[in-house]
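So you can see what is in the structure, the chains are spelled out below.
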Amino acid sequence: MPSRSLTWLSRASRRLSTLEQALCSLLIVAFGALLIANVFARYVLNSPLYFANELAVYILIWMAFLAVSIAIHHDQHVRLTMLVGLLPAPTQRACYWLTELLCIAMLAVMLWYAIGWLRSPSVNYDIAITLDWPKWHFYLIVPIFCATSLFHLIARLPDRSRTVFSLPSDEE
């Protein structure tokens, strides 16, 4: 029974990561197309797209948050493991679990406050100046990031192969 749920969680996390990667790829294409269109409009038509810079910033912010969630799924964040890697394996496992649980706790708190922040009147009436769109659409990435990252972390918790920090060997 537990292995079936682990498989389900791992598969769901992998599918979510694939969706995040596809969305990130789509945003990269949109970002490039927006910048090319703005350069064309500015230098060929002498009429730049006045909203392009603001929209480009929001696209980059969404891409950054999605990329961090993808990195959490793949467990590819930079870690300072020099000292932890020298500890005995049981102590390394304790450090690993401590960092995973701290990340889960921090993301849960961030998710709670992000949802409260998005529901506040100050965000509801905040408008992107050049786009004339409500900013809450762009701010949605914060709770989305927290939720997807939490899911990736919870999905990988049962994986026993991730419980020891390894030092890179000289051959790598």
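The structure we're discussing is the one just above.
Nothing here was measured: the structure is a model prediction, and the numbers come from that model. (Residues numbered from 1 in each chain as written. Predicted model: local features only at pLDDT ≥ 70, side-chain atom pairs only at ≥ 80, totals over all residues. Heavy atoms only, no water.)

Tell me what's going on with the overall build of the chain, and back it up with residues and numbers.
Across its full length, the chain carries 6 helices and 0 strands. Taken from the N to the C terminus, the helices and strands of the chain come in the order α-α-α-α-α-α. Considering only contacts within the chain whose residues lie at least 6 apart along the sequence, 75% involve residues at least 24 apart. As presented, the chain carries roughly 11300 Å² of accessible surface, and 70% of it is formed by carbon and sulfur atoms. (Helix = DSSP H or I, 4+ residues; strand = E, 2+ residues; numbered from the N terminus. Contact = heavy atoms within 4.5 Å. Areas by Shrake-Rupley, 256 points an atom, 1.4 Å probe, with all protein chains shown as cover.)

Describe in detail helix α2 (residues 52-74), supporting the description with residues and values.
Over its 23 residues, α2 extends 32 Å from the first C-alpha to the last, a length consistent with the 33 Å expected when each residue adds 1.5 Å. Among the residues trailing α2, Asp75 stands out with phi positive, at a value near 55°. (Expected span 1.5 Å × (residues − 1).)

Outline helix α3 (residues 89-118), supporting the account with residue identities and numerical values.
Here α3 contains 30 residues, and its C-alpha end-to-end distance of 43 Å stays within 8% of the 44 Å for a straight helix at 1.5 Å per residue. Residues of α3 that are buried: Gln92, Tyr96, Glu100, Ile104, Leu107, Leu111, Ala114 and Leu118. On its buried face, α3 is in contact with α4 (121-124), α5 (136-139) and α6 (141-156). (Buried < 20%, exposed > 50% of the residue type's maximum accessible area, 1.4 Å probe, protein only.)

Explain unusual backbone geometry to me, and be specific about the residues and the numbers.
Glycine aside, residues mostly have negative phi, and peptide bonds are mostly found in the trans state. At Asp75, a position not held by glycine, the phi torsion is positive, near 55°. Looking at where Asp75 falls in the secondary structure, it is placed in the loop between α2 and α3. Despite not being glycine, Asp132 shows a phi value in the positive range, around 60°. Note that Asp132 resides in the loop between α4 and α5. Look at Asp132 and you get exposed, because its relative accessible area is 60%.

Residues and numbers for the side chain of Lys135, please.
Take Lys135: it is sitting in the loop between α4 and α5. Take Lys135: its relative accessible area is 17%, and that puts it in the buried class. Excluding residues within four positions of it along the chain, Lys135 makes contact with Glu54, Tyr58, Asp126, Ile127 and Ala128.

Outline the packing of α2 against α6, supporting the account with residue identities and numerical values.
Orientation of α2 relative to α6, taken along the N-to-C sense of each, is 10°, at an axis distance of 8 Å. On the basis of their axis angle, the class for α2 and α6 is roughly parallel. Here α2 contributes Ile61, Trp62, Phe65, Leu66, Val68, Ser69, Ile72 and His73 to the contact with α6, which in turn contributes Ile141, Val142, Ile144, Phe145, Thr148, Ser149, His152, Leu153 and Arg156. For the contact of α2 with α6, the class distribution of residues is 11 nonpolar, 5 polar and 1 charged. (Axes fitted to C-alpha atoms, helices over the stretch in contact; angles between N-to-C directions. Parallel < 35°, antiparallel > 145°, perpendicular 65-115°, else oblique. Nonpolar A, V, L, I, M, F, W, Y, C, P; charged D, E, K, R; others polar.)

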